[in-house]
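So you can see what is in the structure, the chains are spelled out below.
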Amino acid sequence: MYTFSSKLKTFSFILMAVGLLGIGYGFLTAPKDIQEVEKLLAAESHGGHGEAKHEGATAEPSHEAAATHSEATEEKKIEESHEAVAPTGDTTKVAEEAYAEPVHAEAAVKKEGHDVSEEAEHTEHLNHVLHQLQNKPWSALYVACIFFMLVSLGVLVFYAIQQVAQAGWSPVLFRVMQAITSYLPVGSVIFFVILILCGLHFNHIFIWLDPEVVAHDKLIANKTGYLNFPFWIVRAAIFLTGWSLYQYFSRKNCLAQDESNDNSFYKKNFNISAMFLVFFIVSESIMSWDWIMSIDPHWFSTLFGWYVFASFFVSGITTIALVTLYLKSRGYLEYVNTSHIHDLAKFMFGLSVFWTYLWFSQFMLIWYANIPEEVTYFITRIELYNLPFFGAVVMNFLFPLLILINTDFKRITWVLVMAGIVILAGHYIDFFNMIMPGTVGDRWFIGIPEIASVLFFLGLFIYVVFTALTKAPLLAKRNPFIEESKHFHY
């Protein structure tokens, strides 16, 4: 039986405490009205970039140009923003349109006419920036919450695949996988609460939840049959409940198999795992549209569901490897050998390449087609999020490729830990890139709210996972393939 180290438990509590303080700080320091925003913009225009960054404003001085441009273009109609740019080889004009369209607020609402006074335009722009800055702590919380929840979901999917494939190498790792998936119900509850708060208009993360925006936006109005709060929150409840139920019953059956005289519980797990995978492949695609892609409701990609899946799937397998290596270093998991570790590292390597294939396929086709409704998504990220956008490719592809392509490196602990940390950080940034441009626009900055949110959910994740490890023996002793797994070598 595993014993939760007091030092590790204390460390998890410290992470949660520091995270809560930082999250609270982010909400307390967010602007409360347009007067505070006006002072902030005035400080920016007079070179007060230190104060602007402290408050979560633009990461680069060049973003002021984008903010100025968005003020001038806020009065445009949505249909004009899609038709004004012809799909030619020159993307300069497309880039200008990209600044205003993806960000949330009344910039998306068309005006009744073009004779709005300069003062009214200025007030509207201040409200626009106010919503962006108020979104910042919410968005930081949202990114961290969905990332850790989906990491546990990725592990659950990998576990279900092992069950259905009747894999002989992995049963010695089942308890590790089950412990990591124990976070899923906890993360799901927190995430569902955040979705409810979005629907109650505590934030402006999803602009299609704003009736005023929908009333003046034909594109969003045409999607109201699907993008409406009751249907959206019911879908979320079904998905989160379905995933959590499978996690509960699969663990329950696996533990019952240890005390059984036959393989009946193993067969039950096989059956429910097959059903879960069918449910998952459908729900995952819809989830990616509902919780991530709808943040940019004018944009669409038929590849997006697979792209999101690849990101959290490789993150989940990387987490299995890191937890396994930690337990091995503490003297546990005696039957886990370098061959098991090597296989996990192969999955880390292969799925990093798979993620890159999807990243490039989505980017290349949209960029080459140069259709304004699609290409603005990437232009916004390249222009305003250049470092995290391309940095994620380096962290999620180039680094794993150069490190893990070597067979010997796949069996060296410190190399895998280093690669695993980089991969997890890279995919967190990937989720950051998917969510932040549509919620805070050019007002992004990785500051206290972002770091604190990661610390809080990391601490909670560690506490839940390692507490679950103490609840059952670390070896699934009655699994039909356990002996094969014990003696797995190549």
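Residues numbered from 1 in each chain as written. Predicted model: local features only at pLDDT ≥ 70, side-chain atom pairs only at ≥ 80, totals over all residues. Heavy atoms only, no water.

**With respect to the pattern of salt bridges**
Moving on, step 1. The final tally for this structure, using the stated rule, is seven salt bridges.
Moving on, step 2. The residue R175 makes a salt bridge to D258 at a minimum N-O spacing of 2.4 Å. With R175 in helix α8 (residues 174-181) and D258 in helix α12 (residues 229-258), this residue pair connects regions lying 83 residues apart in the sequence. Both residues of the pair, R175 and D258, belong to the buried class.
Moving on, step 3. Residue R443 pairs with D442 through a salt bridge whose shortest N-O separation is 3.8 Å. For the pair formed by R443 and D442, the shared burial category is buried. (Salt bridge = Lys/Arg side-chain N within 4 Å of Asp/Glu carboxyl O. Helix = DSSP H or I, 4+ residues; strand = E, 2+ residues; numbered from the N terminus. Buried < 20%, exposed > 50% of the residue type's maximum accessible area, 1.4 Å probe, protein only.)

**Thoughts on the packing of helix α7 (residues 118-165) against α12**
When two helices pack together, their arrangement is given by the angle between the helix axes and by the axis-to-axis distance.
Moving on, step 1. Interhelical geometry of α7 versus α12 gives an angle of 50° and a closest axis separation of 11 Å. Taken together, the axes of α7 and α12 are oblique relative to one another. The chirality of how α7 crosses α12 is left-handed. Contact with α7, carried on its side by M149, L153, L156, Y159, A160 and Q163, involves L240, W243, Y246, Q247, S250 and C254 of α12 and no other residues of that element.
Moving on, step 2. Looking at the contact of α7 with α12, its residues break down into nine nonpolar, three polar and no charged. (Axes fitted to C-alpha atoms, helices over the stretch in contact; angles between N-to-C directions. Parallel < 35°, antiparallel > 145°, perpendicular 65-115°, else oblique. Left-handed = near helix turned anticlockwise from the far one by under 90°. Contact = heavy atoms within 4.5 Å. Nonpolar A, V, L, I, M, F, W, Y, C, P; charged D, E, K, R; others polar.)

**Topic: the packing of aromatic side chains**
Moving on, step 1. Applying the stated criterion to the full structure yields 56 aromatic pairs.
Moving on, step 2. Ring centres of F147 and F431 lie 5.8 Å apart, and the angle between their planes is 70°; on these two criteria the pair is classed as edge-to-face. Of this pair, F147 sits in helix α7 while F431 sits in helix α18 (residues 413-439), and the two are 284 residues apart along the sequence. The same class applies to F147 and to F431, which are both buried.
Moving on, step 3. Ring centres of F191 and W291 lie 4.8 Å apart, and the angle between their planes is 65°; this geometry places the pair in the edge-to-face category. Taken together, the residues span a long stretch of sequence, with F191 in helix α9 (residues 183-199) and W291 in helix α13 (residues 264-291) at a distance of 100 residues. Across the pair, W291 and F191 agree in class, each one buried.
Moving on, step 4. Members of the aromatic cluster, each reached through a chain of ring pairs, are F158, W169, Y246, F276, F280, W306, F309, F312, F313, F347, F488 and Y490. (Phe/Tyr/Trp six-rings, centres within 6.5 Å; stacked < 30°, edge-to-face > 60°.)

**Let's talk about the packing of α13 against helix α14 (residues 304-329)**
Moving on, step 1. Packing of α13 against α14 leaves a shortest axis separation of 8 Å and a crossing angle of 105°. With respect to α14, the element α13 is oriented roughly perpendicular. Contacts between α13 and α14 involve F280, I281, E284, S285, M287 and S288 from the first element and F304, G305, W306, V308, F309 and F312 from the second.
Moving on, step 2. The residue makeup of the contact of α13 with α14, split by class, is eight nonpolar, three polar and one charged.

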